[in-house]
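# Residue-level structure breakdown
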Amino acid sequence: MAPRPLITGMLALLAVAAVAPTLPVWLVSLAAIAFANALVVLGLIILWRSGLVPFGQALFYAVGAYAVALMTRYTGVRDALVLIAAAAVLSCLAAFLAGFLLARYREIFFAMLSLAISMILYGVLVKTETLGSTDGFGVEPPTYLGYAPQGNMHLLMLFWLVLAFCAVSALLVSLYFHSIAGTLAVPVRDSEIRLEFLGISVSRLIHLNLVIAGTLAGIGGALAALSIEHVDPNMSYWTTSGGFVFVTVLAGAGSVAAAFVGSFVFELLKSIAYDSLPGTWQIFLGAALLLTILFLPEGIGSVFARFRRPRKRETTGARP
Amino acid sequence: MSGILVVRDLQKTFGSLVAARDINVAVPPLQIVGIIGANGAGKTTFVNMITGHLRPTKGTILFDGRDITGRPSRDITRLGIARSFQVPQVFTSLTVFENMCIATAIARASDRLLAQALTPLHSPGSVAEAEAALELFRIATYRRTLAATLPQGVRKLLDIAMAAAGAPRVLLLDEPTSGISIEEKFGLMDVVMAALKNRRITVLFVEHDMDIVERYADRVLAFCDGAVIADGPPIVTLENPRIQELISGPKLNMTASGSRHA
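As the structure is a prediction and not an experimental result, all values here were calculated from the model.

## A short note on the overall build of chain B
- Along its length, chain B carries eleven helices and ten strands.
- Based on the C-alpha atoms only, the size of chain B along its principal axes is roughly 55 × 40 × 35 Å.
- The 262 residues of chain B split such that 44% are buried.
- In chain B, the proportion of contacts linking residues at least 24 apart, taken out of those at least 6 apart, comes to 67%.

## Regarding the interface of chain A and chain B
- Of the residues lining the interface, 22 residues belong to chain A; the matching set on chain B comes to 26 residues.
- Those elements that provide at least two residues to the side of chain A that touches chain B are helix 6 (152–178), helix 7 (180–183), helix 8 (185–190), helix 9 (192–197) and helix 10 (202–228) of chain A.
- In terms of residue class, the side of chain A that touches chain B is made up of eleven nonpolar, seven polar and four charged.

## Points about the packing of helix 2 (residues 25–48) of chain A against helix 10 of chain A
Residue and element names in this part refer to chain A.
- Remark: helix 2 packs on helix 10, axes separated minimally by 8 Å, with the N-to-C direction vectors making an angle of 170°. With respect to their mutual orientation, helix 2 and helix 10 come out roughly antiparallel. From helix 2, S29, A32, I33, A36, N37, L39, V40, L42, G43, L44, I46 and L47 reach across to helix 10, where they touch N209, I212, A213, G214, L216, A217, I219, G220, L223, A224, S227 and I228.
- When its residues are assigned to classes, the contact of helix 2 with helix 10 shows 17 nonpolar, seven polar and no charged.

## Let's talk about the nonpolar core
- Residues A:A65, A:V68, A:A222 and B:A161 are the most contacted members of the largest nonpolar core, which totals 172 residues.
- For this core, the element with the highest residue contribution is helix 2 of chain A, accounting for 17 residues.
- When sequence neighbours within four positions are dropped, the list of residues in contact with A:A222 reads A:G64, A:A65, A:A67, A:V68, A:L83, A:I84 and A:A87.

## Quick word on the environment of B:K185
Residues and elements named next belong to chain B.
- Among the structural elements, K185 can be located in helix 7 (residues 182–198).
- By the C-beta count within 10 Å, which is 20 here, K185 ends up buried.
- In this structure, the C-alpha to C-alpha distance between K185 and N39, residues 146 residues apart in sequence, is 20 Å.
- Other than its neighbours up to four places away in sequence, K185 contacts T177, I180, D209 and I212.

## Thoughts on the packing of helix 6 of chain A against helix 10 of chain A
Residues and elements named next belong to chain A.
- Contact geometry for helix 6 and helix 10: axes closest at 10 Å, N-to-C directions at 170°. Comparing the axis directions of helix 6 and helix 10 gives the class roughly antiparallel. Between helix 6 and helix 10, the residues in contact are L158, V162, F165 and S169 and L216, I219, L223, L226 and S227, respectively.
- Its residues placed into classes, the contact of helix 6 with helix 10 shows seven nonpolar, two polar and no charged.

## Things to note about the sheet that holds strand 6 (residues 81–84) of chain B
Residues and elements named next belong to chain B.
- Spatial strand order, 6-7-8-3-9-10: six strands in an open sheet with mixed pairing. Two strands in the sheet have a free side with no partner beyond their single neighbour: strand 6 and strand 10 (227–232). Mean inter-strand twist for the sheet, computed between neighbouring axes without regard to direction, equals 20°.
- Pairing between strand 7 (residues 170–174) and strand 8 (residues 202–206): five bridges, direction parallel. The residue of strand 8 that forms the bridge with D174 is V206.
- On the sheet, helix 1 (residues 43–50) packs against strand 3 (32–36), strand 6, strand 7, strand 8 and strand 9 (219–224) and is oriented at approximately 145° with respect to strand 7.
- Here helix 6 (residues 152–163) sits on the sheet and contacts strand 6 and strand 7; the angle it forms with strand 6, its principal contact strand, is near 170°.

## Focus on helix 12 (residues 256–276) of chain A
- With 21 residues, helix 12 of chain A should cover 30 Å at 1.5 Å per step; its first-to-last C-alpha distance of 31 Å lies within 8% of that length.
- Of the positions making up helix 12 of chain A, those classed as buried are A:V256, A:A257, A:A258, A:A259, A:F260, A:V261, A:G262, A:S263, A:F264, A:F266 and A:E267.

## Focus: the pairing of strand 6 of chain B
Residues and elements named next belong to chain B.
- Going residue by residue along strand 6, you find I81 and R83 tucked away on one face and A82 and S84 tucked away on the opposite face as well.
- In terms of strand pairing, strand 6 meets strand 7 through four bridges, oriented parallel. Each bridged residue has a counterpart across the sheet, and for S84 the counterpart in strand 7 is L173.

## Notes on the confidence of the model for chain B
Residue and element names in this part refer to chain B.
- Scored by pLDDT, chain B has a mean of 85; 93% of the residues are at 70 or more.
- Long-range and interchain partners of residues 256–262, a stretch whose pLDDT sits below 50, account for eight contacts in this model, where long-range means more than four residues apart.
- Taken over the whole predicted complex, pTM reads 0.85, whereas the ipTM for its chain interfaces reads 0.84.

## With respect to the environment of B:L221
Residues and elements named next belong to chain B.
- Tracing the chain through its elements places L221 in strand 9.
- L221 gets classed as buried once you count the C-beta atoms within 10 Å, which come to 23.
- It is 6.9 Å that separates the C-alpha atoms of L221 and G232, two residues lying eleven residues apart in sequence.
- In contact with L221, not counting residues within four places along its chain, are V25, V33, I35, V228 and D231.

Conventions adopted
Residues numbered from 1 in each chain as written. Chains lettered and ligands numbered in written order. Predicted model: local features only at pLDDT ≥ 70, side-chain atom pairs only at ≥ 80, totals over all residues. Helix = DSSP H or I, 4+ residues; strand = E, 2+ residues; numbered from the N terminus. Buried ≥ 20, exposed ≤ 12 C-beta atoms within 10 Å, placed from the backbone. Contact = placed C-beta atoms within 7 Å. Nonpolar A, V, L, I, M, F, W, Y, C, P; charged D, E, K, R; others polar. Axes fitted to C-alpha atoms, helices over the stretch in contact; angles between N-to-C directions. Parallel < 35°, antiparallel > 145°, perpendicular 65-115°, else oblique. Core = buried A, V, L, I, M, F, W, Y, C linked by C-beta atoms within 7 Å. Pairing = 2+ DSSP bridges. Expected span 1.5 Å × (residues − 1). pLDDT = per-residue confidence, 0-100.

Shown next, in the form of structure tokens:
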């Protein structure tokens, strides 16, 4: 028995995948990057639900992106699935290691420590010639189980791949949100003492959430690297992390779908603003965030929730 | 000494302050033990050491013959010793039912985190147990209420009901009636004690109200300055004038100090 929003979301993704060939190239390209970034936001939502806001999530994003870029550059591996799997494993490992430190901190200390760790990676990338230094380097187009698409087909294949990863991640994260461990995010915010005395190790729980979020960020970074066809140290810079937090606030922690809609709206706003106000596009984005906070304090996701709630009451009322 | 809970030569010092000294207690199964003493006498320190919140400086704690001294509180909970809090520790942004369901689901699940990540919170078992617990503790009418907006008495009951999830064998209640009006205290304790008797749970409760202690305890432990200065049936212990003076001050002040805690 799958919950209704999940089915709606999956149908929406299928519809997007189906109409993609008819859409303008710029829009598909923008959506590919937006949905790749949405995976990072999905991870941030998991952390945000327990009151944690990492200002260094770009660390894992960059680990995923550089893993893909370095493999295409220094090894013969071109298969998209292999590249992304490797990125996922490496970012998972990075999050597992960083988690031993991060899981012990909360609130601003957590945010700042995560920022600090990400800036270490930034420093390393900027200073290391073999990693492309400040310029970064290009990423070769991938193949798909031996199939090497040409021309426009290349972008479409990549977009479908991004959508497939989004679908699987959204499904797994929604399942996680209904599991015991996944439901404990809010309780962590309310009373860690009660959780410990129910037999839960809160730091292990947060560690698990960090690993999930870090892995999602790594996959997002890998897909973004393939979409942009370039990596550079800015992918690990704190403003990139800040951008993800921005989208998380825009999306709200209320729903999984919000991560995707929020990320898409953000990329769209950004490119419209960049086109029309090249010098002052940040003002436009800032205004958008301000309006969201004022009128949708729980983010874009709260709009879906508002539609859903009355329907839910009907179904529970109908039950004997 | 034997019993479900046995404490030997337990000691706790914070620098030069002795919060517990040479405590020796054996609690047989199903006994209801009242713990009394003035503020700072070491009652909560005693509870904190048994439940793993504080590591004793010296001494051993045996639960069902097993040494649990200094184990983390979550392990001790899993072994079967639970506790409630003077300030109720409930999840204020969730409803009463969600609070209870989290407690029952955790108690039913394996203690492996990965298993918990794969087990749904709402299983027929966890939901049924949560419903039953809310009925048992007489708070089922509040099931859809956010815990943040509950009256204090209901919040106390929810805290105790959550602690009692998963059938612990020993439950420690830290001041179950603090913050409750005098008229409500007996009603609350009636519900709690009936529910815990129904679950066959051994109870140790910290209490300032001597009428409550007299009514519900089979045995009283009186604490003073970190030590147990009296241990016996309530009638005998509470009538001892020395105990009365040490615990509550001269008789005239008793109601005044009682109402300050209320």
